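Fold and geometry: a report
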Protein chains: 2
Amino acid sequence: MSRALPARVRITEVGPRDGLQNEPQRVPTATKAAFVRALVAAGLTEIEITSFVRPDRVPQLADAEELCAALGPPPAGVRYVALVPNERGLERALATGVIGKVAVFTAASETFAQRNVNASIDESIARFRPVVEGARAAGLALRGYVSAAMGCPYEGHVDAAHVVAVVEALDALGCEDISIGDTIGAGTPGDVARVLDAVLAVVPAERIALHFHDTRGMAVANVLEGLRRGIASYDASAGGLGGCPYAPGAAGNLATEDLVYLLDGLGVAHGVGLDPLRQASASIENAVGHALVGRVYRAPAWPLGE
Amino acid sequence: MSRALPARVRITEVGPRDGLQNEPQRVPTATKAAFVRALVAAGLTEIEITSFVRPDRVPQLADAEELCAALGPPPAGVRYVALVPNERGLERALATGVIGKVAVFTAASETFAQRNVNASIDESIARFRPVVEGARAAGLALRGYVSAAMGCPYEGHVDAAHVVAVVEALDALGCEDISIGDTIGAGTPGDVARVLDAVLAVVPAERIALHFHDTRGMAVANVLEGLRRGIASYDASAGGLGGCPYAPGAAGNLATEDLVYLLDGLGVAHGVGLDPLRQASASIENAVGHALVGRVYRAPAWPLGE
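Residues numbered from 1 in each chain as written. Chains lettered and ligands numbered in written order. Predicted model: local features only at pLDDT ≥ 70, side-chain atom pairs only at ≥ 80, totals over all residues.

Notes on the overall build of chain A
The number of helices and strands found in chain A is 12 helices and eight strands. The globule rule puts the C-alpha radius of gyration for 306 residues at 19 Å, and the 18 Å found for chain A is close to it. In terms of overall dimensions, chain A has a C-alpha envelope of 55 × 45 × 40 Å along the principal axes. A total of 306 residues make up chain A; the buried ones form 58% of that total. In chain A, the proportion of contacts linking residues at least 24 apart, taken out of those at least 6 apart, comes to 75%. (Helix = DSSP H or I, 4+ residues; strand = E, 2+ residues; numbered from the N terminus. Rg over C-alpha atoms; globule rule 2.2 N^0.38 Å. Buried ≥ 20, exposed ≤ 12 C-beta atoms within 10 Å, placed from the backbone. Contact = placed C-beta atoms within 7 Å.)

Right, dumping it as structure tokens:
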């Protein structure tokens, strides 16, 4: 490559949370736990395993406590991440004793925030304050999600200035890891450039993660653009979990295998083994009731003899 | 974008040939003709419509003469391209009176050439000579395909030096348009960089087209890398024709809609309308008997209100 890319990137595996949350079928807790263990075996060190939201809101993740109990503490060097919407969620996460990082969730679009967290962007950030303080007091790391950053299903175009405002607020709150999400998979590398030009003027690249959905087949190219701009942290979902091959337009996350294949091809280190990663995806495929959509997951092994 | 991309690219639509050739179901000639007309209506100006190979070898394209007769001469500014394996094929193509460009086909891998054109690479190129002379005498433009350029299903890794040797031979023969193909969809932007570094040292970017298959989801990112290196000509297949959602690993071409969506997002001109292009793809979807796999084709329209 003509331009220096990061030598190494961190992959945050979001399949057990963002992936399964978007699967219609509920997966048994034991299957989830085996899946998380297989992800660890594949080399993933940052795994978002569940969400401590109201069980009736996201029935797929209603077994958050049971999953944590089944897993126990992560092995050395591995961190389990959980989405936490409020103080009650933080209490639940802390009570498990296995969560090393909590993630809060807001959006770059007012309408998206209203419909997803039932608050304005400012209200959602105000609501994070006690969560952040409690998490920090407990020694947990903090991640913030900025969703709908490259397009909103209700508002359409989203100005980079809105993304910057939310990123700054999350930065001020103390989130050391701010994940900018193209939640509806509308963005192209042009949008990645546009948003990062604005964001990197106020927050260093080391604090930024990118979270792409592959709805329009742009996710891998968007990662390439992110790499060129020095971003070294990407979210992905094993097997493309959360996308459905039979539902046109179903918005799956970037598949972890596709991300790994790209990084291998670019010579960028990441620590994940493609073959055991495929096995992890295979371990959950039956439970979700449909073929996983990840391209590399479904393609024949390459190089030959691998 | 931080680096200048080509202001405009040419898209060669290969759905009617490379796409349909890889579809199990035969499509009626009238449906093909309507499809080609719809592609023209969408703004495509370079369309590979068929192949003058032995009808028993590629039954899906056995109606080459009938399709040309049904289409008649292309509108002004549009060129119909046909694949021509030998002098007999050239005679047939010339007899139709509607073909403006002929394409010859070889590979960067000896085993791939043997299995696909039943000749060594050198033999295949020697065989082109009378085709090229006949085509030039008739005033036709010339395209050369170098397949398996980023990986061979039989040999594995393919050295860039092999690609360069074939590109040079096609250049010496007089092909003004040399399409380098990642036939099995194994390449990443790292391979694009590696191959183009070698090729552009001997042939100018203006002569080179890139032809990607999306088997492992890398095609759009590979185009992005090609654009950054000044390549302004890309092959694609409407709707991702030729790929099958139900056959794991089926190697579809890069979908034209995905290419157009990327280029629109980057502000690179191409002359194709996404909405009429989608309609062209829809016109052939029933005839191939399965849902087309193109991501943008299947996704909801974006931006909103489009």
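As for the relation of the copies chain B and chain A
By a simple turn and slide, chain B fits onto chain A: the slide is 0.0 Å along the axis, the RMSD is 0.0 Å, and the turn is 180°. What we have between these two chains is a two-fold relation. Across chain B, the smallest distance between a C-alpha and the rotation axis is recorded for B:A221, namely 2.0 Å. Interface residue correspondence from chain B to chain A reaches 100%, placing this contact among same-surface, isologous pairings. (Least-squares fit on C-alpha atoms with pLDDT ≥ 70 in both.)

So, the sheet that holds strand β7 (residues 208-212) of chain B
Residue and element names in this part refer to chain B. Strand order in the closed barrel formed by eight strands is β1-β2-β3-β4-β5-β6-β7-β8, and the pairing between neighbours is parallel. In this sheet, adjacent strand axes meet at a mean angle of 25° when their direction is disregarded. Pairing between strand β3 (residues 79-83) and strand β4 (residues 99-107): four bridges, direction parallel. Looking at the pairing, L83 lines up with A103 of β4. (Pairing = 2+ DSSP bridges. Axes fitted to C-alpha atoms, helices over the stretch in contact; angles between N-to-C directions.)

Brief notes about the sheet that holds strand β5 (residues 141-147) of chain A
Residues and elements named next belong to chain A. The strand order β1-β2-β3-β4-β5-β6-β7-β8 describes a closed barrel built from eight strands, whose pairing is parallel. Pairs of neighbouring strands in the sheet enclose a mean axial angle of 25°, with direction left out of account. Bridge count between strand β1 (residues 10-13) and strand β2 (residues 46-51): two bridges; the pairing is parallel. Within β2, the position partnered with E13 by the bridge is I47.

So, helix α10 (residues 256-266) of chain B
All names here are of chain B. Where burial is concerned, most of α10 is hidden: 10 out of the 11 residues are buried. Within α10, burial applies to T256, E257, D258, L259, V260, Y261, L262, L263, G265 and L266. A positive backbone phi angle near 70° is found at G267, which sits one or two residues after α10.

Describing the interface of chain B and chain A
In many analyses, interface size is given as the accessible surface area lost on bringing the parts together. Each partner contributes residues to the interface: chain B has 34 residues there, and chain A has 34 residues. Where the side of chain B that touches chain A is concerned, the elements lending two or more residues are α8 (189-199), α9 (219-228), α10 and α12 (295-298) of chain B. Sorting elements by how many residues they give to the side of chain B that touches chain A places α10(B) first, with five residues.

Focus on the environment of A:E110
Residues and elements named next belong to chain A. Note on placement: E110 falls in helix α5 (residues 110-117). Given 18 C-beta atoms within a 10 Å radius, E110 is considered partly exposed. Separated by 98 residues in sequence, E110 and I208 place their C-alpha atoms 21 Å apart. Excluding its chain neighbours within four sequence positions, the residues that come into contact with E110 are S120 and I121.

Some words on the pairing of strand β6 (residues 177-182) of chain B
Residue and element names in this part refer to chain B. Among the six residues that make up β6, six are buried, leaving the element largely enclosed by the rest of the structure. Because side chains alternate across β6, one face comprises the buried residues D177, S179 and G181, and the other comprises I178, I180 and D182, equally buried. Sheet analysis places strand β5 (residues 141-147) next to β6, joined by four bridges and oriented parallel. Paired with V146 across the bridge in β6 is I180. In the classification by handedness, the crossover that spans β5, the intervening helix α7 (residues 160-173) and the parallel β6 is right-handed. (Right-handed = clockwise from strand over helix to strand, strands pointing away.)

Overview of the environment of A:V9
All names here are of chain A. By secondary structure assignment, the location of V9 is in the segment before β1. For V9 and G77, which are 68 residues apart along the polypeptide, the C-alpha to C-alpha distance reads 15 Å. Not counting residues within four places of it along the chain, the set of residues in contact with V9 comprises A232, S233, Y234, L263, V268 and H270.

Description of helix α7 (residues 160-173) of chain A
Side chains three or four residues apart in an α-helix point the same way, a direct result of the helix having 3.6 residues per turn. Residue and element names in this part refer to chain A. The terminal C-alpha atoms of α7, which comprises 14 residues, lie 20 Å apart, in line with the 20 Å expected from a rise of 1.5 Å per residue. Within α7, burial applies to A160, H162, V163, V164, V166, V167, A169 and L170. On its buried face, α7 sits against β4 (99-107), α6 (121-137), β5, β6 (177-182) and α8 (189-199). (Expected span 1.5 Å × (residues − 1).)

What about unusual backbone geometry?
Residue A:P303 is bonded to the preceding A:W302 through a cis peptide linkage, with omega at 0°. One can find A:P303 in the segment after α12 (295-298). With a phi close to 55°, B:A148 is a non-glycine residue in the positive phi region. Residue placement: B:A148 occurs in the loop between β5 and α7. The exposure class assigned to B:A148 is buried, which follows from the 28 C-beta atoms found within 10 Å.

Quick notes on the pairing of β1(A)
Sheet topology places β1(A) next to strand β8 (residues 233-236) of chain A; four bridges connect them, and they run parallel. Note on β8(A): the bridge partner recorded for A:R10 is A:S233.

Section: the environment of A:A282
Note on placement: A:A282 falls in helix α11 (residues 274-288). Sequence separation of A:A282 and A:L292 is 10 residues, and the distance between their C-alpha atoms is 8.5 Å.

A few points about the confidence of the model for chain A
Note that predicted coordinates carrying low pLDDT should not be read in detail. With 96% of its residues at a pLDDT of 70 or more, chain A shows a mean pLDDT of 94. Across the assembled chains, the prediction reports ipTM 0.95 with pTM 0.96. (pLDDT = per-residue confidence, 0-100.)

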